[in-house]
Amino acid sequence: MWYDCGYLLMTKIQRPSDLDPTLFPEKMFALRDCSFNALPEHWWRYFSADPSDLVAKELADWYQKNEDDLLLPNIFTTLELAQEFALKLPKQSEALQIVRIGLAAQYHEQFMAEQTAKRPGEQPEGFLTMLRQPKPLPIEAGRWLGIELGWFSYSSIHTWVCESDNQQLIRNNPPVDCMPNQYGLQNDFAAAQYLISQIEIYNGINDDTPLPKVYPFCLIAYDTSFAITKQQILHTTKSNNN
């Protein structure tokens, strides 16, 4: 079972140069916000934009109207809000994808204990808020992309591939299949658990301040949001009104 962490609006990224091209696809999904493309990056950017930026002004107004269901820094609490926001953005060079994130339920207690122990400025506000009253995520409602291994630091999310040395865990003939899928993610929960255990061992070697705990997050995409365009939405709306 997975607990709902909310929705992200994101695009695939070009495989980072420190990742082995024989292991990872050229285009991939990743939660590490040092490289992944999530929109918005932070809501406050629309409020600090140039006054002549009419798109930013419209998005800031939209945020104020819907702020009770929008979480920092870029989490949507409903699919409808994510779709509505996507339609307000200028045309993107890459196809936008709405992705729902879930935390493996058996890691919930550990995650909450770790995150609530930090100073408020270090908390991943959106995920933490969603998980305070955990709700099961119906993975069958969307398209399974895979499992990402991530941790939080100063409100930023990082993944296991941020440390390129972790790629060696795939090359060392692991007891389970840890080969990334076509999205650059893990297909199998057993593989995710194995990698987490090995990463924690690696983090604890000769290190008095090990990295935060690593957690498995599933990524679920929704067919209705693939290659969504304003023309498609307008056509559908017009047809429904006739």
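Above this text you will find the structure in question.
Bear in mind the structure is a predicted one, so any value in this text is a computation, not a measurement.

(A) Molecular detail of the environment of Pro180. Within the secondary structure, Pro180 is located in the loop between helix 6 (168-171) and helix 7 (189-203). Distance in space between the C-alpha atoms of Pro180 and Ile170 is 8.9 Å, their sequence separation being 10 residues. The residues contacting Pro180, other than those within four sequence positions of it, are Leu23, Phe24, Ile170, Leu185 and Gln186.

(B) Looking closely at the side chain of Gln115. In this structure, Gln115 sits in helix 4 (residues 108-116). Of the polar contacts made by the side chain of Gln115, one reaches the side chain of Glu114; its length is 3.2 Å.

(C) Representation of the pattern of salt bridges within the structure. If you walk through the whole model with that rule in mind, you get four salt bridges. Across the pair Arg100 and Asp4 runs a salt bridge, and its minimum N-O distance is 2.9 Å. You can see Arg100 sitting in strand 7 (residues 97-104) and its partner Asp4 sitting in strand 1 (residues 2-11), a full 96 residues away along the chain. Owing to a relative accessible area of 12%, Arg100 belongs among the buried residues under this scheme.

(D) Up close: the packing of aromatic side chains. Scanning the model with the defined rule gives 13 aromatic pairs in all. Ring centres of Phe24 and Trp160 lie 6.3 Å apart, and the angle between their planes is 50 degrees; on these two criteria the pair is classed as tilted. Note that Phe24 is positioned in the loop between strand 2 (13-14) and strand 3 (27-28) and Trp160 in the loop between strand 9 (156-159) and helix 6, a separation of 136 residues in sequence. One exposure class covers both Phe24 and Trp160, and it is buried. Taking the centre distance of 5.5 Å and the plane angle of 45 degrees together, the rings of Trp62 and Phe85 count as tilted. In this pair, Trp62 sits in helix 2 (residues 54-66) while Phe85 sits in helix 3 (residues 79-88), placing the two residues 23 residues apart along the sequence. What links up through ring pairs into an aromatic cluster is the set Tyr107, Phe111, Phe127, Tyr215 and Phe217.

(E) View of the pairing of strand 1. Most of strand 1 sits out of view: 10 of its 10 residues are buried. Examined bridge by bridge, strand 1 and strand 7 share eight bridges and lie antiparallel to one another. Bridged to Gly6 within strand 7 is Ile101. Bridge count for strand 1 against strand 4 (residues 37-39) is three bridges, and the pairing is antiparallel. Paired with Met10 across the strands is Ala38, a residue of strand 4.

Criteria and thresholds
- Residues numbered from 1 in each chain as written.
- Predicted model: local features only at pLDDT ≥ 70, side-chain atom pairs only at ≥ 80, totals over all residues.
- Heavy atoms only, no water.
- Helix = DSSP H or I, 4+ residues; strand = E, 2+ residues; numbered from the N terminus.
- Contact = heavy atoms within 4.5 Å.
- Polar contact = N/O pair within 3.5 Å; in protein donor to acceptor, adjacent residues only side chain to side chain.
- Salt bridge = Lys/Arg side-chain N within 4 Å of Asp/Glu carboxyl O.
- Buried < 20%, exposed > 50% of the residue type's maximum accessible area, 1.4 Å probe, protein only.
- Phe/Tyr/Trp six-rings, centres within 6.5 Å; stacked < 30°, edge-to-face > 60°.
- Pairing = 2+ DSSP bridges.

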